[in-house]
There are 2 protein chains.
Amino acid sequence: MAGRRGQATRQKLLTCLDEMLSSSPYRDVRVIDVARRAGTSPATFYQYFPDVEGAVLELAEEMSRESSSLSELATDRTWTGKAGWRTAEELVDGLLSFWRENDAILRVVDLGAAEGDKRFSKIRSKVLGGITGPLADSIGKLQSKGKADPDISPAAVAGSLVSMLTSVAGQQKAAQSWGAKKSDLKPNLAYLLYLGVTGRRPSR
Amino acid sequence: MAGRRGQATRQKLLTCLDEMLSSSPYRDVRVIDVARRAGTSPATFYQYFPDVEGAVLELAEEMSRESSSLSELATDRTWTGKAGWRTAEELVDGLLSFWRENDAILRVVDLGAAEGDKRFSKIRSKVLGGITGPLADSIGKLQSKGKADPDISPAAVAGSLVSMLTSVAGQQKAAQSWGAKKSDLKPNLAYLLYLGVTGRRPSR
DNA sequence: TACTTGTCCTGTCATGTCGTCAGCTTACCG
DNA sequence: CGGTAAGCTGACGACATGACAGGACAAGTA
């Protein structure tokens, strides 16, 4: 449905859109600006995408494909003792850097999902589900061994913890206003994650 | 700088803008629609606000003023035993309903802050600070009594916990996709909050 | 090289929003 | 009831949107 040259322009438009999203408010991103930056015309943009939102969805789907690597940070991991602490640290680290690399598009996905747009909600679920799923499994297993609180819902706890991580990740610039040092962020997130999953304080 | 009639139209425009934000994507909110809904003309809108964003900032500031009531949910509260559990429950409950009542504007504030707009960041800090501040104090006090982990940063932990609550609150519709029941949400958030503040599982 | 073919790009146009100004309407007061 | 100032709006130039028809370009053929 598209030739070689066409694919290239299409991809260039997507790249320029991504840059645009990183540098100006979503509300102000215009087709004409994206096209100009890509060295082409608005008409070309409309040949490949229905509108800005449509193109953003493409970007989001691309990102959600890349997010599958996040699952590895949460599947088949131990949550006991010092190895458990390392699991928490690595998960926080991986998630924060993924967010830093894709902050612009993730912002828009979050907004779309919060506004009730099913297409964005679905993408968001896919990205987060890659972590919450395995994490909930881990909690469930700890629970069945009597090592975690029996009254909690693994899915709800996992979802909430991942929400915490993504929310902090998305507001990293603003986070300093809490009065916390930037270097404090990661270890304290790992602390809360470990605590939430296991119900116990980490042994570092 | 403004008469009685003027105040009324201005307020009506703000109200209509709020409704608009609740019913359509922020990106698609147009001055002309707000004006029409308020039974007036675009020119009138521009008499009171520089643009949509300017008006949104007004709404956000109004909301941040109302948010001061949130502070009470976190100041001078006990975090020990069953009373501590009630503190957590009430904080979760209050925050979730505040978010539900103001979800539209809070969404936009979050976006603006994430995009690096200082004006929105400031408002967001003010709203969240009303809770994170007292909460960090509580954690600090527990810490000095040896009742909480000495290695954590109260500010970072409090900020992260509040981020968790607000993030979940902002995506309440999407939250069911985790596979968790809606009724599970509040108790499990309270669990994580109590756990994060005290370092111990709640005694319910 | 010249020609053909199908893909790809863009000039142009109708439509609609933005943001401003001059001038009209309304409310209030002496 | 007339004057005055506050408040509102029609109208306008500028710009973005989205659609189409036709021009430009790469690649294959002779």
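### Some thoughts on the interface of chain A and chain B
Opposite the 49 residues of chain A that make contact, chain B presents 49 residues. With both sides pooled, the region where chain A packs onto chain B buries about 4500 Å², and carbon together with sulfur makes up 55% of that total. The interface formed by chain A and chain B includes two salt bridges. In this structure, the salt-bridge partner of Asp-149 of chain A is Arg-204 of chain B, at a minimum N-O distance of 2.8 Å. Counting every contact that joins chain A to chain B gives 21 residue pairs in polar contact (both at pLDDT 80 or more). Elements that contribute at least two residues to the side of chain A that touches chain B include exactly α7 (103–114), α8 (118–144), α9 (154–170) and α10 (182–198) of chain A. If you tally residues by element for the side of chain A that touches chain B, the top one is α9 of chain A, at 11 residues. Its residues assigned to classes, the side of chain A that touches chain B comprises 21 nonpolar, 14 polar and 14 charged.

### Some words on a positive patch on the surface
On the surface, Lys-141, Lys-145, Lys-147 and Arg-200 of chain A cluster together to form a positively charged patch. Along the chain, Arg-200 of chain A falls in the segment after α10.

### Concerning the relation of the copies chain A and chain B
Superposing chain A onto chain B takes a rotation of 180° plus a shift of 0.0 Å along the axis, which leaves an RMSD of 0.0 Å. Here the two chains are linked by the operation of a two-fold rotation axis. When C-alpha positions in chain A are compared against the rotation axis, the closest is assigned to Met-164 of chain A, at 1.9 Å. In this assembly the copies share their binding face: 100% of the residues contributing to the interface of chain A also contribute to that of chain B.

### Points about the packing of helix α1 (residues 4–23) of chain A against helix α4 (residues 52–66) of chain A
All names here are of chain A. Between α1 and α4, whose axes approach to 10 Å, the crossing angle comes to 95°. By the angle between their directions, the pair α1 and α4 is classed as roughly perpendicular. For the pair α1 and α4, contact is made by Arg-10, Gln-11, Leu-14, Leu-17, Asp-18 and Leu-21 and by Val-52, Ala-55, Val-56, Glu-58, Leu-59 and Glu-62, respectively. Partitioned by chemical class, the residues of the contact of α1 with α4 number seven nonpolar, one polar and four charged.

### Regarding the protein's contact with DNA strand D
In the region of DNA strand D, 16 residues are neighbours, and Tyr-46 of chain A together with Gly-3, Thr-9, Thr-40 and Tyr-48 of chain B sit closest. Looking at DNA strand D alone, sugar and phosphate atoms form 72% of those within 4 Å of the protein. Thr-44 of chain B has a polar side-chain atom sitting 3.1 Å from a phosphate oxygen of DNA strand D. Contributing elements (two or more residues each) for the surface near DNA strand D: α2 (31–37) and α3 (42–48) of chain A together with α1 (4–23) and α3 (42–48) of chain B. No other element matches α3 of chain B, which puts four residues into the surface near DNA strand D.

### Points about unusual backbone geometry
The residue Asp-76 of chain A is not glycine, and still its phi comes out positive at about 55°. Following the sequence through the fold, Asp-76 of chain A ends up in the loop between α5 (68–71) and α6 (81–101).

### A look at the protein's contact with DNA strand C
Around DNA strand C, a shell composed of 19 residues is seen, among which Gly-3, Thr-9, Thr-40 and Tyr-48 of chain A together with Tyr-46 of chain B lie nearest. A share of 69% of the atoms of DNA strand C within 4 Å of the protein falls on sugar and phosphate groups. At the level of secondary structure, the elements contributing two or more residues to the surface near DNA strand C comprise α1 and α3 of chain A together with α1, α2 (31–37) and α3 of chain B.

### Let's talk about the pattern of salt bridges
Residue and element names in this part refer to chain A. Counted according to the given criterion, the structure contains 22 salt bridges over all chains. We note a salt bridge from Glu-53 to Arg-119, for which the minimum N-O separation is 2.8 Å. Pair noted here: Glu-53 is in helix α4 and Arg-119 is in helix α8, with a separation of 66 residues, a long-range link. Owing to a relative accessible area of 23%, Glu-53 belongs among the partly exposed residues under this scheme. One network of salt bridges, with partners in common, ties together Glu-53, Asp-117 and Arg-119.

### A look at the side chain of Gln-171 of chain A
Assignment of secondary structure puts Gln-171 of chain A in the loop between α9 and α10. Residue classification places Gln-171 of chain A among the buried positions, given a relative accessible area of 9%. Discounting chain neighbours no more than four positions away, the residues touching Gln-171 of chain A are Asp-110, Ala-113, Ala-114 and Arg-124 of chain B.

What counts and how
- Just so you know, the residues in each chain are numbered from 1, in the order the chain's sequence is written.
- Going through the entries in the order they are written, you letter the chains from A and number the ligands from 1.
- In keeping with the predicted nature of the model, local features appear solely for residues at pLDDT of at least 70, side-chain atom pairs appear and are counted solely at 80 or more, and the whole-chain, interface and lining totals rest on all residues.
- To obtain the side-chain values, all non-hydrogen atoms of the structure were included, while hydrogens and water were left out.
- Whether two residues are in contact is decided by their heavy atoms, any of which lying within 4.5 Å being enough.
- Buried area: the accessible area, evaluated with a 1.4 Å probe, that two parts lose upon being put together, summed over both parts.
- By definition, a salt bridge exists where a carboxyl oxygen of Asp or Glu is found within 4 Å of a side-chain nitrogen of Lys or Arg.
- Polar contacts here mean pairs of N or O atoms no more than 3.5 Å apart (in protein, one a potential hydrogen donor and the other a potential acceptor; neighbouring residues in sequence count only if both atoms are side-chain atoms).
- Each helix is a run of DSSP H or I of at least 4 residues and each strand a run of E of at least 2, with the numbering of both proceeding from the N terminus.
- All amino acids are sorted into three groups, where Ala, Val, Leu, Ile, Met, Phe, Trp, Tyr, Cys and Pro are nonpolar, Asp, Glu, Lys and Arg are charged, and the leftover types, Gly among them, are polar.
- Residues with no salt bridge and a relative accessible area higher than 30% make up the patches, which join like charges within 9 Å and nonpolar side chains (Val, Leu, Ile, Met, Phe, Trp, Tyr) within 5 Å.
- Here the open area of atoms and residues is found with the Shrake-Rupley method and a 1.4 Å probe, where only the protein chains shown may cover a residue.
- Counted charges follow a simple rule, with Lys and Arg positive, Asp and Glu negative, and His plus the chain ends left uncounted.
- In plain terms, the charge of a residue is placed at NZ if it is Lys, CZ if Arg, CG if Asp and CD if Glu.
- To line up the copies, we fit them by least squares on C-alpha atoms, keeping just the residues with pLDDT of at least 70 in both.
- The axes are straight lines fitted to the C-alpha atoms, using for helices just the contacting stretch, and the angles between their N-to-C directions are given from 0 to 180°.
- Roughly parallel means an angle under 35 degrees; roughly antiparallel means over 145; roughly perpendicular covers 65 to 115; every other angle is labelled oblique.
- Whether a residue is near a molecule or strand is decided by its heavy atoms; if any one of them lies within 4 Å of it, the residue is near.
- Any residue under 20% of the maximum accessible area for its type is buried, any over 50% is exposed, and the rest in between are partly exposed; the area is computed with a 1.4 Å probe on protein chains only.

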